[in-house]
Amino acid sequence: MCGIVGYIGDRDVYPILIGGLKRLEYRGYDSSGIAILNNGKPVVYKVKGKISDLENFIGTKSKEGTIGIGHTRWATHGEPNDVNAHPHTSMNGKFIIVHNGIIENYATLKQRLIKRGYTFKSETDTEVLANLIEYIYLFGKTSATEAVRFALNKVQGAYGIGVICTDETDKLIVARKSSPLVVGVGDKEFFIGSDATPFIEYTNNVIYLDNDNMAVLTKGEVSIKTIKNDAIEPNIQTVDFDFDEIEKGGFDHFMLKEIFEQPKSISDTIRGRVDYSRNSIVLGGLMPVMSKIMNARRIIIVGCGTSWHAGLFGEYLFEEYSRIPVEVEYASEFRYRDPVINSDDVVIAISQSGETADTLAAIKLAKEKGATVLGICNVVGSSISRETDAGVYTHAGPEIGVASTKAFTAQVMVLAMMALFVGKAKYNIKPEKYSELIDELIHVPQQIETMLKDTSVIEKVADIYKDSPNFIYLGRGCYYPIALEGALKLKEISYIHAIGYPAAEMKHGPIALIDEKMPVVVIGANKRGYDKIVNNVQEVKARHGIVISIVREGDTEIAKMSDYVIEVPNFTTAIGALITVIPLQLLSYYIAVKRGCNVDQPRNLAKSVTVE
Ligand code: F6R
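Residues numbered from 1 in each chain as written. Predicted model: local features only at pLDDT ≥ 70, side-chain atom pairs only at ≥ 80, totals over all residues. Heavy atoms only, no water.

### Focus: the sheet that holds strand E22 (residues 390-393)
Point 1. Read from one edge to the other, the open sheet built from five strands follows the order E19-E18-E20-E21-E22, with strand pairing classed as parallel. Strands at the two margins of the open sheet, each flanked by one partner only, are strand E19 (326-330) and E22. For this sheet, the mean inter-axis angle between neighbouring strands, taken without regard to orientation, is 20 degrees.
Point 2. Across five bridges, strand E18 (residues 298-303) lies against E19 in parallel orientation. Considered in E19, the bridge of Val 302 is made with Glu 329. (Pairing = 2+ DSSP bridges. Helix = DSSP H or I, 4+ residues; strand = E, 2+ residues; numbered from the N terminus. Axes fitted to C-alpha atoms, helices over the stretch in contact; angles between N-to-C directions.)

Right, dumping it as structure tokens:
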């Protein structure tokens, strides 16, 4: 949700800003802009549209300089246009800022500034912050750094900011609260980014700024303080990064690359955690809280979107293998309804980005109420991974496509490992069953690889139904969250309306929608309850619905009633059932491509949702 980049050093700043923004474009892509200091004189360019539009707009205009900031936007306050795009310059031109997050009390602050003679060009909360900083600087006669600090003490909400002062052109000031901000440390130079991807080819030494901290960067020095003015020792960490992971690698889209990467990403998720020879699972990240987990009265899983679907799938695994009762909640609902939480509850927060505002707020609430909070995150060093008591990284690698694919399968694999780990420790799984489950778990990558060899049926179905205005997805048991995930993938990237439903619930309402034009995707790979899903398919066929079924290879019953059959390799347990999501990811991908949609950057969406 908005991406920030910046640089101070001796290099030419323009390629660093543009290259960095392109890497961050997944975070928001409705408008973008940069500001560069050229011998102390600022130039600011900003336009509606993509980074390529910004590049075209700048063309041969002046862009020399070695200090600058840039921003790619996902609109919150004010529609996407040239004026609302960042950077924002304060009324008297003293401060230029880029901002990710929301200033919640911006309306009150704006009114106060208007009374003091300030005028505003944009509808954004960011311009309010720029003017507030400037007002404090001019009328409080403080330094730029102090003006930023005082202003941040007055704002409520979330921010990751990069600030340039046109009077103090030797520094770049950055700060964060509930929005990510990473400082890249080079040799007498510093980079800033919403994550490390914009500058990873220059340095892999980073400082993850903590909440309420600000850093002042000059060419040779970094100084970090809290916004209450307490000094903080910089903690420089090294990030491991495989550069190929953030390139398309010959695929047309990041989403397709990420779908095809799943055999590898899942292997990375389980590597070092499943000990094949000893037939055991080791999750080092959970050791500090193991007794809490073992004695948990209840597990509450929170997340949003696809991560919430992973949680729903995890509920089946946890209850079956660990026998601990599980509730799964949207983080955004959980946080606002004064939930009953006890100190013997364990809350598991799931998030690819580790920055989702609602999930972070749910974590805070659960901690206040005394629960033990665990995280399942993909982005190392993200806010959620740092706010939780313990956790497990998914290690799926950077996910750039806005629609989550490999992060989902990695999240489910982590939940499966956790469920088995706890189930074994609690003696709830018989040794032979445990071996069978481990065997299935380690074969998931291979199963997916087999499936990805031939996608022709899926492409054919996509071609036939690409213009259908509606889709229904049905599943029972752990295939119900898979149905939800299939429907979400389709709507977010192809803009086709789709609903996911528990198959048996269909007769309580949605069945009214079925006619000869309605494609119904049925995940019919159940062993337990197979007859029931057969009945559901019959109900659809009796109303002339079009059945596209996902079945195990060799299936006959459902296959013979279906209009199109997509087979998946055989598996024996709920862990193996995860593979049924792959054809649904591919179906939505091919439909979106055939409809000419922007698969990696669908309209109105952003990869990291740092607003409530
Ligand atoms: C869907 C999708 C979103 C995210 C949701 C939570 O493809 O990507 O629904 O799953 O915004 O994001 P994270 O997992 O980063 O907390």
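That covers the picture; the talk isn't over yet.
### Here we look at the site of the ligand
Point 1. Residues in close proximity to the ligand total 15 residues, the closest being Ser 307, Ser 351, Ser 353, Thr 356 and Glu 492.
Point 2. Within the backbone of Val 402, one N or O atom sits 3.4 Å away from an oxygen atom of the ligand.
Point 3. Alone, the ligand offers 400 Å² of accessible surface; in the complex the protein occludes 89% of this.
Point 4. Put simply, the parts of the chain that give the shell around the ligand at least two residues each are helix H9 (305-321) and helix H16 (479-494).
Point 5. Partitioning the shell around the ligand into residue classes produces five nonpolar, eight polar and two charged.
Point 6. In terms of domain composition, the shell around the ligand takes at least three residues from each of domain 2 (248-453) and domain 3 (454-600). (Near = heavy atom within 4 Å. Polar contact = N/O pair within 3.5 Å; in protein donor to acceptor, adjacent residues only side chain to side chain. Areas by Shrake-Rupley, 256 points an atom, 1.4 Å probe, with all protein chains shown as cover. Nonpolar A, V, L, I, M, F, W, Y, C, P; charged D, E, K, R; others polar. Domains from an automatic or database assignment.)

### Notes on the pairing of strand E1 (residues 3-8)
Point 1. Burial within E1 is extensive, with six of its six residues counted as buried.
Point 2. Of the two faces of E1, both are covered, the one formed by Gly 3, Val 5 and Tyr 7 as well as the one formed by Ile 4, Gly 6 and Ile 8.
Point 3. With six bridges connecting them, E1 and strand E4 (residues 67-73) associate as antiparallel partners. Looking across to E4, one finds that Gly 3 is bridged to Thr 72. (Buried < 20%, exposed > 50% of the residue type's maximum accessible area, 1.4 Å probe, protein only.)

### Considerations on the packing of helix H14 (residues 431-452) against helix H19 (residues 581-594)
For any two helices packed against each other, one specifies the inter-axial angle together with the distance between the axes.
Point 1. Following both chains from N to C, one finds H14 and H19 inclined at 40 degrees, their axes separated by 10 Å at the closest point. The pairing of H14 with H19 is recorded here as oblique in orientation. Considering the relative orientation of H14 and H19, their crossing is right-handed. For the pair H14 and H19, the contacting residues are Ile 448, Met 451 and Leu 452 in the first and Ile 582, Pro 583 and Leu 586 in the second. (Parallel < 35°, antiparallel > 145°, perpendicular 65-115°, else oblique. Left-handed = near helix turned anticlockwise from the far one by under 90°. Contact = heavy atoms within 4.5 Å.)

### With respect to the domain arrangement of the protein
A common way to report how large an interface is uses the accessible area buried once the components associate.
Point 1. The domain architecture assigned to the protein consists of domain 1 (3-241), domain 2 (248-453) and domain 3 (454-600).
Point 2. Centre-to-centre separation of domain 1 and domain 3, based on C-alpha positions: 45 Å.

### Examining the packing of helix H7 (residues 262-270) against helix H13 (residues 406-425)
Point 1. Close contact between H7 and H13 brings their axes to 9 Å; oriented N to C, the two are set at 30 degrees. Between H7 and H13, the angle falls in the class roughly parallel. H7 and H13 meet at a crossing whose hand is right-handed. Residues Gln 262, Ser 265, Ile 266, Thr 269 and Ile 270 of H7 form the contact with H13, whose own contacting residues are Lys 406, Thr 409, Ala 410, Met 413, Val 414 and Met 417.
Point 2. When the residues that make up the contact of H7 with H13 are grouped by side-chain class, the tally is six nonpolar, four polar and one charged.

### Concerning unusual backbone geometry
Outside of glycine, negative phi angles account for most residues, and trans bonds account for most peptide bonds.
Point 1. Cis geometry is found at the peptide bond from His 86 to Pro 87, where omega equals 0 degrees.
Point 2. Mapped onto the secondary structure, Pro 87 falls in the loop between E4 and strand E5 (88-89).
Point 3. Residues other than glycine seldom take positive phi values, yet Tyr 427 does so here, at roughly 55 degrees.
Point 4. Within the secondary structure, Tyr 427 sits in the loop between H13 and H14.
Point 5. Here Tyr 427 falls in the exposed class, since its relative accessible area comes to 75%.
Point 6. One non-glycine residue, Tyr 495, lies in the positive phi region at around 65 degrees.
Point 7. By the element assignment, Tyr 495 lies in the loop between H16 and strand E24 (497-502).

### So, the packing of aromatic side chains
Point 1. For the structure on display, the rule yields 12 aromatic pairs.
Point 2. Centre to centre, the rings of Tyr 7 and Phe 191 are 4.9 Å apart; their planes meet at 50 degrees, and the pair counts as tilted. On the criterion of sequence distance, the pair formed by Tyr 7 in strand E1 and Phe 191 in strand E10 (residues 190-193) is long-range, its members being 184 residues apart.
Point 3. Given the relative accessible area of 0%, Tyr 7 is considered buried.
Point 4. Note on Phe 191: relative accessible area 0%, which makes it buried. (Phe/Tyr/Trp six-rings, centres within 6.5 Å; stacked < 30°, edge-to-face > 60°.)

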